[in-house]
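Working through the structure, step by step
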Amino acid sequence: MSAVETTAKRVNGLGGALRLLAPRWRWLAAATVTIVLFTGASLAKPLAIQYGLDHGVAEGDGRALALAGAAFLGLLVMAALFQGASTYLVNRVGQDFLFDLRMRLFTHYQRMSLAFFGRENAGRLVSRMTSDVTTVNDVLNNGFLVVVQSLLTLVGATVILVTLSVKLSLAVAFILPPLVVATAIFRVYSNRAYGSVRERIADVMVHMQETFSGLRVVQAFGREQKNRERFGEINERNFAANVYTVKLSALYFPFVEWLRGAAIGLILYFGGRQVAGDAVTVGTVAAFVFYLEFIFQPIQNLSQVFDMVQSANAALAKIFGVLATEPDVPEPERPAEVRGPVEGRIELAGVTFGYDPGRPVLHGVNLVIPPGQHVVLVGPTGAGKSTLAKLMTRMYDPTAGTVRIGGYDLRTLRSEDLRKTVTMVPQEGFLFTGSVRENIVFGRPGATDEEVAEACRRLGIDGFIRRLPHGLETMVSFRGSRLSAGEKQLISIARAFLADPPVLVLDEATSSLDPATEEQVERALKKLLEGRTSVVIAHRLGTAAQADRVLVVVGGRIVEDGTHAELVARGGYYAALYRQWVAGRAAKSA
């Protein structure tokens, strides 16, 4: 079970929603007033019918009949006007609430660390923003209106019925106990059922997201049929969960309908006898029949809305469970005051770290990198190279020890100051949907067109930019799928160059490029690294040969430290690795 799911079990979803709705109390108050006026106008209509029957029809009074008709029409107009006003106000508040909720959720996601996204499934996180928010939307746009209106109608109709005839009201009261018991049982089972439905929907979305993300792998290994079978199993569980809720509704709502018919029968029987004995009027009996609709329909509406509310409560618990999850890499409570540019000096003192705290990946690393030095990290897969890079960019905080840049503990720097100080360039140039220019200025939104053009010229990629269909305004799709790997990498290098941080951390960007593109990317990288402190994760030892300093990472420790020439001459781990690499290149050339 994920941390978010555990937190969601402790979160009162409706309580969180009410806290978020509190600042909108004026809108809610106005909506409630219009609902009260609409309900009052609706409840008064049977009284107009009663007056017309008793005084207009029974007594042959045309004036009373006309007055009853006019009153009935006036109440219809009032009900329509107040219903329209209440619908607009409730939906206006609901949309404002959902806008705020989406913004809070999206902002919270961006505050979370890589560790959070490593623990949580991306499909479930997307589900919080999509299907769960849609479920809440249904309740806010329809549920609030129905709940308030139904409760007011139920209370108002009960008071009117007792006022009209206590004896007939007691006859109707015989129907209420089985109705209340049936509703209570339905609530218990439907609550569990709709919680299960939410989980099954999330499972469906998770599998779809994973399948679409890894579609190339699925097709490459011919796993379409197996994936279809697995999705069929997940979809079957979703189907079963939904069918169970349908079974509950199929038992409950027909039973309520039968009770309503029985109540009308009782009114007609007892009311008819009382009319014969002059205890009540025909108009009163007719009004009672009408008011039964005002008793049973709200109860049915509340039962139906209860399904929706339960589903929304489950969705809100998951959403507020996410919002209640604290970031692994929090903003400092007392941030350091950064005055002027930060010096590019990197220091690691006694740094230990593990993705699982009980299984450290790094062990007591001590390291000092002077400003402007070009350092390369080499070592076997899983040695801790990428982990060191993530700690230097504060994607994670060390379990023990301290990481400093320019003398500042990274945990004391605001995110804004940290990102101005150190930037990471991943192995794959990641681009967002938008223009090439928008992707380049991503790290420095205020850059002018002249500054962008100058950055491209200094990196030597202005020719490549001009060859694009619309130059800097060429649109790229998600992840830059219309561009080659080298072109994407050149744009990501330009992005880092324009951001101009004193420290750069790079995952070697040329390991999978063709020779011509590799040469162009390497020229741009050389220009990017000039005058900056840089740490590069090397996948090929040719990169290490050009560095000021090589750090060999094995088993979460720095086992060798020196220049390329020094380490080769030393004859240790790096020298053996280098000889193996040279032999491999020679074999490929042959």
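Scope of this entry: the structure provided in the associated data block. Here, residues in each chain are numbered from 1, in the same order as that chain's written sequence. Thresholds applied to this predicted model are a pLDDT of at least 70 for local features of residues and 80 or more for the giving and counting of side-chain atom pairs; totals over whole chains, interfaces and linings are not thresholded and use all residues. Only hydrogens and water are removed before side-chain values are computed, so all heavy atoms of the structure are retained for them.

1. Points about the overall build of the protein
The following threshold applies: Runs of E in the DSSP output that reach at least two residues are strands. Runs of H or I that reach at least four are helices, and both are numbered from the N terminus. We take the radius of gyration over the C-alpha atoms and set the globule estimate at 2.2 Å times the residue count to the 0.38 power. Accessible area is worked out with a 1.4 Å probe on protein chains only. A residue is then buried under 20% of its type maximum, exposed over 50%, and partly exposed in between. Here, two residues are considered to be in contact whenever any of their heavy atoms come within 4.5 Å of each other. The protein chains shown are the only cover counted for residues, whose accessible areas, like all others here, come from Shrake-Rupley with a 1.4 Å probe. His is not counted here, nor are the chain ends, while Lys and Arg score as positive and Asp and Glu score as negative. Each charge is placed at NZ for Lys, CZ for Arg, CG for Asp and CD for Glu.
When helices and strands are counted, the protein shows 22 helices and twelve strands. Compactness check: the protein gives a C-alpha radius of gyration of 35 Å against a globular reference of 25 Å for 590 residues, more than 25% above the reference. Taken across its 590 residues, the protein has 45% of its residues classed as buried. Summarising the internal contacts of the protein: among those between residues at least 6 apart in sequence, 79% fall at separations of at least 24. If you sum the accessible surface of the protein, you get close to 29,900 Å²; carbon and sulfur atoms cover 59% of it. Separation of charge centres in the protein, based on 62 positive and 53 negative side chains, amounts to 3 Å.

2. Quick look at the packing of aromatic side chains
Remark: the centre distance and the inter-plane angle together describe each pair of aromatic rings, the angle taken between the planes. Heads up, the rule is: The aromatic pairing rule takes the rings of Phe, Tyr and Trp, using the six-membered ring of Trp, and pairs them if the centres are within 6.5 Å, calling planes under 30 degrees apart stacked, those over 60 edge-to-face and the rest tilted. For a lysine, the NZ atom is tested; for an arginine, the CZ atom; a charge sits over a ring if that atom is within 6 Å of the ring centre and within 35 degrees of the ring normal.
Scanning the model with the defined rule gives eight aromatic pairs in all. Here Tyr355 and Tyr396 contribute two aromatic rings whose centre-to-centre distance is 5.2 Å and whose plane-to-plane angle is 85°, an arrangement assigned as edge-to-face. On the criterion of sequence distance, the pair formed by Tyr355 in the loop between strand 1 (346–353) and strand 2 (362–369) and Tyr396 in the loop between helix 13 (385–392) and strand 4 (400–405) is long-range, its members being 41 residues apart. Aromatic rings pair up to connect Phe353, Tyr355 and Tyr396 into one cluster. It is Arg92 that lies over the ring of Trp27; its NZ or CZ is 4.9 Å from the centre.

3. Focus on unusual backbone geometry
Residue Arg394 is not a glycine yet carries a positive backbone phi of 55°. Within the chain, Asp500 stands out as a residue other than glycine whose phi angle is a positive 55°. Secondary-structure assignment places Asp500 in the loop between helix 18 (485–499) and strand 9 (503–507).

4. A short note on the sheet that holds strand 10 (residues 533–537)
The test is simple: Any two strands with at least two DSSP bridges between them are considered paired. Every axis in this analysis is a line fitted to C-alpha atoms, fitted for helices over the stretch in contact. Angles between the N-to-C directions lie between 0 and 180 degrees.
Read from one edge to the other, the open sheet built from six strands follows the order 6-9-10-3-11-12, with strand pairing classed as mixed. The open sheet has two edge strands, strand 6 (422–425) and strand 12 (557–562), and neither has a second partner. In this sheet, neighbouring strand axes are inclined to one another by 20° on average, regardless of whether the strands run parallel or antiparallel. When strand 3 (residues 374–378) meets strand 10, the two strands line up parallel, connected through four bridges. Paired with Leu377 across the two strands is Ile537, which belongs to strand 10. Its contacts with the sheet put helix 13 on strand 3, strand 6, strand 9, strand 10 and strand 11 (549–554), and the angle it makes with strand 10 is roughly 150°.

5. Quick look at the nonpolar core
Within soluble globular proteins, side chains that are nonpolar generally end up buried alongside one another. For the record, the criterion: In this text, buried Ala, Val, Leu, Ile, Met, Phe, Trp, Tyr and Cys residues form a nonpolar core when linked through side-chain atoms within 4.5 Å.
Counting 42 residues, the largest nonpolar core has Val378, Ile440, Ile461 and Leu528 as its most contacted members. Of the residues forming this core, the biggest block, seven residues, is contributed by helix 18. Listed in part, the 31 residues of the second largest apolar core include Val351, Ile369, Leu388 and Ala389.

6. Here we look at the pairing of strand 1
When strand 1 meets strand 2, the two strands line up antiparallel, connected through five bridges. In the sheet register, Ile346 faces strand 2, and the bridge partner there is Ile369. Sheet analysis places strand 1 next to strand 4, joined by five bridges and oriented antiparallel. Bridging from a neighbouring strand, Ala349 pairs with Thr402 of strand 4.

7. Points about the packing of helix 4 (residues 62–111) against helix 7 (residues 131–164)
Helix-helix packing: each pair is described by the crossing angle between the helix axes and the interaxial distance. Put simply, the rule is: Each angle is binned into one of four classes, with values under 35 degrees roughly parallel, values over 145 roughly antiparallel, values of 65 to 115 roughly perpendicular, and all other values oblique. Crossing handedness is defined as follows: a turn of the near helix away from the far one that is anticlockwise and smaller than a right angle gives a left-handed crossing, while the clockwise case is right-handed. Residues were grouped as follows: Ala, Val, Leu, Ile, Met, Phe, Trp, Tyr, Cys and Pro as nonpolar; Asp, Glu, Lys and Arg as charged; and all remaining residues, including Gly, as polar.
Packing of helix 4 against helix 7 brings their axes to within 8 Å, and their N-to-C directions diverge by 155°. By the angle between their directions, the pair helix 4 and helix 7 is classed as roughly antiparallel. With respect to the hand of their crossing, helix 4 and helix 7 are arranged in right-handed fashion. Contacts between helix 4 and helix 7 involve Ser86, Thr87, Val90, Asn91, Gly94, Gln95, Phe97, Leu98 and Arg102 on the former and, on the latter, Val133, Val136, Asn137, Leu140, Asn141, Phe144 and Leu145. Looking at side-chain class alone, the contact of helix 4 with helix 7 contains eight nonpolar, seven polar and one charged residues.

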